[in-house]
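# Notes for the structure review
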Amino acid sequence: MSIHLPPPTQFGEPLDSPENDSSSSESEEEEDQTWDDWQSDSITQQCKSLFDEKVFQSIEETLEYDKEKHHFVLEDVCKALSLDFHKRVRLINFIRKNNSAPTHALVLTGNEPWFSTDEYLVPVIENDPLIQSSFNDWSDDEEVDNGSDPRKKIHDLEQQLARARQSFLEYRVLISEKLDITKDIQSVHEDFAQKPSRDDDTHYFESYEANDIHAVMIQDKVRTSTYAKFILSNPTLFRDAVVLDVGCGTGILSLFAARAGAKRVIAVDASDIALKAEKIVKENGFENVITVVKGKIEDITMPEGVDKVDIIISEWMGYALLYESMLDSVLVARDRFLRSGGIMAPSQSQMMVGLCDASEIWKDRIGFWDDVYGFDLSVMSSELYDEAIVDVVGPETLLCKAYPVKDFVLSDVSPRDLDFASSFTLSSTADQRTKVSAFVLYFDTYFSPSGHPIPPSTEVTLVKEGEVSLAEMWPVGGKPAHKRRQSSGKGKENVTSFSTGPHSSPTHWKQTIFMLREPFMVSEGSLVVGRFLCTKNEKNSRELNVEIHYSVKDNESSQPGPTVVQFFKVR
């Protein structure tokens, strides 16, 4: 499904920053209170943000925080969806109960089935000030006669107040009845075992027990030789260092570190591949250097004599960079075990987005269903636009210079940064009018010996198929790797890097393709601006939800087109 929104008011500005309207608020009190008394009492109530744990001293502060931090304006959303009093209450409770992301709340249509159910009339927070404020906001939405007769105006206001209070009383009765039913249901289920917590890990770790997946990763020479190059060409960094290898798999990175002179290497993996890694370490004579620990990095304790480590190495990247959510575990390892001033390897990864002519992908994955031996099987392709496609596209399909929608510096990034929304601007480089049928996503990864962010001018290493550099750090039969003289520019750090983009030799990560339900045409200089939103999937935290908002402007003199929103899953 794709959604159309108005064009951006200022082309190139963020597309999801609605203006806020001030909202009055009031709390439930006795019938003989005045309107001002009813309103002033609510202002002193503490109020929790709709989207995180922040608590404020007033509703106004909460609404302003949600506007600035989460780009969500409750009043604007309610007006846009034409929500009546009860639907407003349901919206607030739905967001709170499901921990909905603001990006999801902003694309609601008002026609969702839960807007008509009683489930979300039950307050998630007792005496929620935002629900109480809804009565005032709801009544304010009605027109007041602004004629010259003050008595008429007072009468109209009194009528609004009466209706608001009546709705509030009806709401209280409904909630009382609902809570009684809920208590009855709870009593029936008291003796049943509590539902087990969701397990996103078991299948993930089991999938890494088989040989095939490790063969694919190790045979990816761009990947493995880059790690080898960084480790083996920085002996002063690794010599006598204590190294932690997170998600060690077969232990190949640990073996590189040991060969580079590490004093101690702790290789950790939660899957049964750790048992094979232990045997591999012994077969290669590094059992006095490398200690294999089977378990989750979140749960393990370090071997005796090891408290902190000097370097953390890990190959944590997944499809679209963040698929599988292994970076979360690497950040736990950093915060638990890395000494102050320690090095993360890799040190930085950038998520890149570009325009793509994915016509061949469309033919192979989607279009062929239109005519299968003379039959129309297009029903089979209807949902393919909702799933990201992992495949390889050539450099000729990229129709612009890719844009970094997210830059992860491993020394500084926090888990909350892994769900994000980022603006982008893409300028077409097509030399003739061309159809954009997809957005393409890939990532560039950097290894800095200092661990510092790379200079903005740093260019990622692009490897062409068959180049010698793929094998030069790949020692065979115990022979030492070819020694390569490093550049010695004064003050210049030798950064190692690789790209998973179309211009470099294909890797096992390939590229992530987001096929568009509504392709568009571009010429040289056409601008595409938008927002890229990425969050963990609510049902499986190792999968991703992606939203792409975009608007097209053919040239400097043309008007921007509507903002199109499309949703994808990466799984």
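Residues numbered from 1 in each chain as written. Predicted model: local features only at pLDDT ≥ 70, side-chain atom pairs only at ≥ 80, totals over all residues. Heavy atoms only, no water.

## A closer look at the sheet that holds strand S7 (residues 309-314)
Strand pairing in a sheet is mediated by backbone hydrogen bonds. Such pairs are either parallel or antiparallel. Just so we agree on the cut-off: Should DSSP find at least two bridges between two strands, the strands are taken to pair. Numbering of helices and strands runs from the N terminus, with a helix taken as a DSSP run of H or I at least four residues long and a strand as a DSSP run of E at least two residues long. As a rule, the C-alpha atoms of each element are fitted with a line to give its axis, helices using only the stretch in contact, and angles between N-to-C directions run from 0 to 180 degrees. By definition, residues are in contact when any of their heavy atoms lie within 4.5 Å.
Reading across from one edge, S6-S5-S4-S7-S8 is the order of the five strands in this open sheet, with parallel pairing throughout. What marks the edges here is a single partner per strand, and that holds for strand S6 (290-294) and strand S8 (338-345). Along the sheet, successive strands turn relative to each other by an average axial angle of 20°, direction set aside. Sheet analysis places strand S4 (residues 242-246) next to S7, joined by four bridges and oriented parallel. Within the sheet, the bridge partner assigned to Val 246 lies in S7 and is Ser 314. Helix-sheet contacts for helix H13 (residues 273-283) involve strand S5 (264-269) and S6, and the interaxial angle to S6 is about 165°.

## Some points on the nonpolar core
Put simply, the rule is: The set of buried Ala, Val, Leu, Ile, Met, Phe, Trp, Tyr and Cys residues whose side-chain atoms join them within 4.5 Å is what this entry labels a nonpolar core. Relative accessibility decides the category of a residue: with a 1.4 Å probe and only protein chains considered, values under 20% of the type maximum give buried, values over 50% give exposed, and everything between is partly exposed.
Counting 93 residues, the largest nonpolar core has Leu 244, Phe 439, Phe 514, Phe 532 and Tyr 550 as the members making the most contacts within it. In this structure, Ile 92, Phe 94, Leu 108 and Leu 121 belong to the second largest nonpolar core, which totals 25 residues.

## Structural notes on empty space enclosed by the protein
The following threshold applies: Grid points spaced at 1 Å over the protein atoms alone were grouped into cavities, where a 1.4 Å probe fits but cannot get out, and pockets, open sets with protein on both sides within 12 Å along at least five of seven lines, with lining residues defined by an atom within 4 Å of a point. Grid points are joined across faces, edges and corners, and a volume is the space filled by probe spheres set on the points. Just so you know the grouping, Ala, Val, Leu, Ile, Met, Phe, Trp, Tyr, Cys and Pro go in nonpolar, Asp, Glu, Lys and Arg go in charged, and all remaining residues, Gly too, go in polar.
Under the definition given, this model contains three cavities of 30 Å³ or more. The calculated volume of the largest cavity comes to roughly 40 Å³. Around the largest cavity sit Leu 322, Ser 325, Leu 327, Asp 328, Leu 418, Lys 536 and Leu 544, which together line it. When grouped by side-chain class, the residues that make up the lining of the largest cavity number four nonpolar, one polar and two charged.

## A closer look at the packing of helix H9 (residues 211-219) against helix H10 (residues 221-232)
The condition that has to hold: To sort the angles, those under 35 degrees are grouped as roughly parallel, those over 145 as roughly antiparallel, those from 65 to 115 as roughly perpendicular, and the leftovers as oblique.
Relative to each other, H9 and H10 sit at 65°, their axes nearing to 5 Å. One element, H9, and the other, H10, form an angle in the roughly perpendicular class. Between H9 and H10, the contacting residues are Met 217, Ile 218 and Gln 219 on the first element and Lys 221, Arg 223 and Thr 224 on the second. Grouping the constituent residues of the contact of H9 with H10 by class yields two nonpolar, two polar and two charged.

This is a description of form; function is not addressed.
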